[in-house]
Amino acid sequence: MNNSDSKINFSTALSENKVLEFKDVWKIYQMGDEKINALAGVNLSIKKGSFISIMGPSGSGKSTLLHVAGILDMPTKGTFLMKGKNTSTLSGREQARFRRKEIGFVFQRFNLFPQLSALENVLLPMIEPDPEKAKGYLDKMGLTGKYAKLPSQLSGGEQQRVSIARALVNNPSLILADEPTGELDSKNAEIIMGILKELNDKEGVTIIIVTHNPLAAEFTDKIIEMRDGNIL
Ligand SMILES: Nc1ncnc2c1ncn2[C@@H]1O[C@H](COP(=O)(O)OP(=O)(O)OP(=O)(O)O)[C@@H](O)[C@H]1O
Ligand SMILES: [Mg+2]
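Cut-offs applied
- The written sequence of each chain sets the order in which its residues are numbered from 1.
- The lettering of chains begins at A and the numbering of ligands begins at 1, in the order of writing.
- Local features in this predicted model are restricted to residues whose pLDDT is 70 or higher, and side-chain atom pairs enter the listing and the counts only when it is 80 or higher, whereas totals over whole chains, interfaces and linings include all residues.
- To get the side-chain values, take all heavy atoms of the structure and skip hydrogens and water.
- Strands are runs of DSSP state E lasting at least two residues, helices are runs of H or I lasting at least four, and both sets are numbered from the N terminus onward.
- For the exposure calls, accessible area comes from a 1.4 Å probe over protein chains only, and a residue counts as buried if that area is under 20% of its type's maximum, exposed if over 50%, partly exposed in between.
- Residue contacts are counted whenever heavy atoms from the two residues lie within 4.5 Å of one another.
- Residues belong to one nonpolar core when they are buried, are Ala, Val, Leu, Ile, Met, Phe, Trp, Tyr or Cys, and are joined through side-chain atoms within 4.5 Å.
- When DSSP finds two or more bridges between two strands, those strands count as paired.
- Each axis is a line fitted through C-alpha atoms, taken for helices only over the stretch in contact, and angles between the N-to-C directions span 0 to 180 degrees.
- Only residues whose relative accessible area exceeds 30% and that form no salt bridge are eligible for patches; like-charged ones are grouped when within 9 Å, while nonpolar side chains (Val, Leu, Ile, Met, Phe, Trp, Tyr) are grouped when within 5 Å.
- Under the convention used here, a 1.4 Å probe and the Shrake-Rupley method define accessible areas, while residue burial counts only the protein chains that appear.
- Throughout this description, the term salt bridge denotes a Lys or Arg side-chain nitrogen within 4 Å of a carboxyl oxygen of Asp or Glu.
- Scored from 0 to 100, pLDDT reflects the predictor's confidence in each residue.

K.L.:
Any chance you could explain the side chain of Ser-163 here in plain terms?
P.N.:
With respect to the helices and strands, Ser-163 occurs in helix H6 (residues 156-168). According to the relative accessible area criterion, Ser-163 is buried, its value standing at 0%. Excluding its chain neighbours within four sequence positions, the residues that come into contact with Ser-163 are Phe-105, Val-106, Phe-110 and Leu-112.

Put into structure tokens, the structure is as follows:
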């Protein structure tokens, strides 16, 4: 069943239900004389508990959209709302709070600290560092016994599972993943997508992934296609 079908649809709950809202969002880069519309008037609402993939050709604005969604970047024009709050009007402190408490990021190249162990990488972003809890997340990712390994001593799939554990430590309501399976073979890609699907199904975490891989997109409930900075 499509996940969104089962969501509450009463009009009173509707605005609360929209965790992310893009309203005519533009991201314009000025490169010398040239203007690049990385986002060109995006309108998009994402409901709590959605599992969405964003697909589209290179340069179509997928990562830019994800960066705005993660409050890593601000729109040049238009409004982006997270849980009803216009992120452009938040103070730096409030933005950082959102990023730390609400959002977990997963990157294509894992972005682990090479000199830190798996456990230390997971402990690092914890608001209240708790080794037992951190180990619990690694266990959940099937990494029991790998706590002390450095990223270089782990496979790509294992490194990505460490980075998912790291993304989960502060119980985010939203996971944003930019090509989380881009560096992985199909078996490991399936494992990672299975983990994300379970987080969405069982814990209701809202998840948006950018992917070039149709097999990864199949795990999600909805595919959004981008072209030239907008949604098709
Ligand atoms: N910091 C920047 N400065 C200038 N132009 C940028 C910047 N970041 C992105 N762009 C441009 O904005 C457009 C959208 O880039 P974006 O990274 O969002 O694409 P993408 O869909 O993620 O592509 P890919 O599939 O290759 O990752 C591209 O034309 C890109 O060159
Ligand atoms: Mg990209």
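Having seen the structure, we can now continue with the description.
K.L.:
Would you mind going over the nonpolar core with me for this structure?
P.N.:
The tendency in soluble globular proteins is for nonpolar side chains to be buried side by side. Judged by nonpolar contacts, the single largest core of 34 residues is most densely connected at Leu-138, Val-162, Ile-164, Leu-196, Leu-199 and Ile-207. Elements supplying a minimum of two residues to this core: helix H4 (118-123), helix H5 (131-140), H6, strand E7 (174-178), helix H7 (186-203) and strand E8 (206-210). Dropping the residues within four chain positions of it, Val-162 is found in contact with Leu-112, Ala-118, Asn-121, Val-122, Leu-138, Leu-143 and Leu-154. The next biggest cluster of nonpolar side chains, apart from the first, holds 27 residues, and it includes Leu-65, Ala-69, Ile-71 and Leu-174.

K.L.:
Explain the sheet that holds E8 here, please?
P.N.:
Sheet strands line up and pair through hydrogen bonds in the backbone, either parallel or antiparallel. Pairing in this open sheet of six strands is mixed, and the strands run E6-E7-E8-E3-E9-E10 from one edge to the other. Where the open sheet ends on each side, the last strands, each with one partner, are strand E6 (103-107) and strand E10 (230-231). For strand E3 (residues 51-55) and strand E9 (residues 222-227), the ladder comprises four bridges, and the chain directions are parallel. Within E9, the position partnered with Ser-53 by the bridge is Ile-223. Here helix H2 (residues 62-69) sits on the sheet in contact with E3, E6, E7, E8 and E9, set at roughly 155° to E7. Each of E6 and E7 touches helix H3 (residues 92-102); the most contacted strand, E6, lies at about 70° to it.

K.L.:
Looking at this model, I keep getting lost on a nonpolar patch on the surface. Mind explaining?
P.N.:
A contiguous nonpolar patch, built from Tyr-29, Met-31 and Ile-36 and spanning about 270 Å² of accessible area, is present on the exposed surface. Along the chain, Ile-36 turns up in strand E2 (residues 34-47). Overall, the relative accessible area of 34% leaves Ile-36 in the partly exposed class.

K.L.:
Can you walk me through the environment of Pro-131 in this structure?
P.N.:
Here Pro-131 shows up in helix H5. Placed 11 residues apart in sequence, Pro-131 and Glu-120 show a C-alpha to C-alpha distance of 8.6 Å. Other than its neighbours up to four places away in sequence, Pro-131 contacts Leu-119 and Leu-123.

K.L.:
Just to check I follow, could you spell out the confidence of the model for the chain for this structure?
P.N.:
Parts of the model with low pLDDT should not have their predicted coordinates read in detail. Looking at the chain as a whole, the pLDDT averages 92, with 93% of positions reaching at least 70. Below pLDDT 50 for its whole length, residues 1-13 participates in 13 contacts with residues either more than four positions away or in separate chains.

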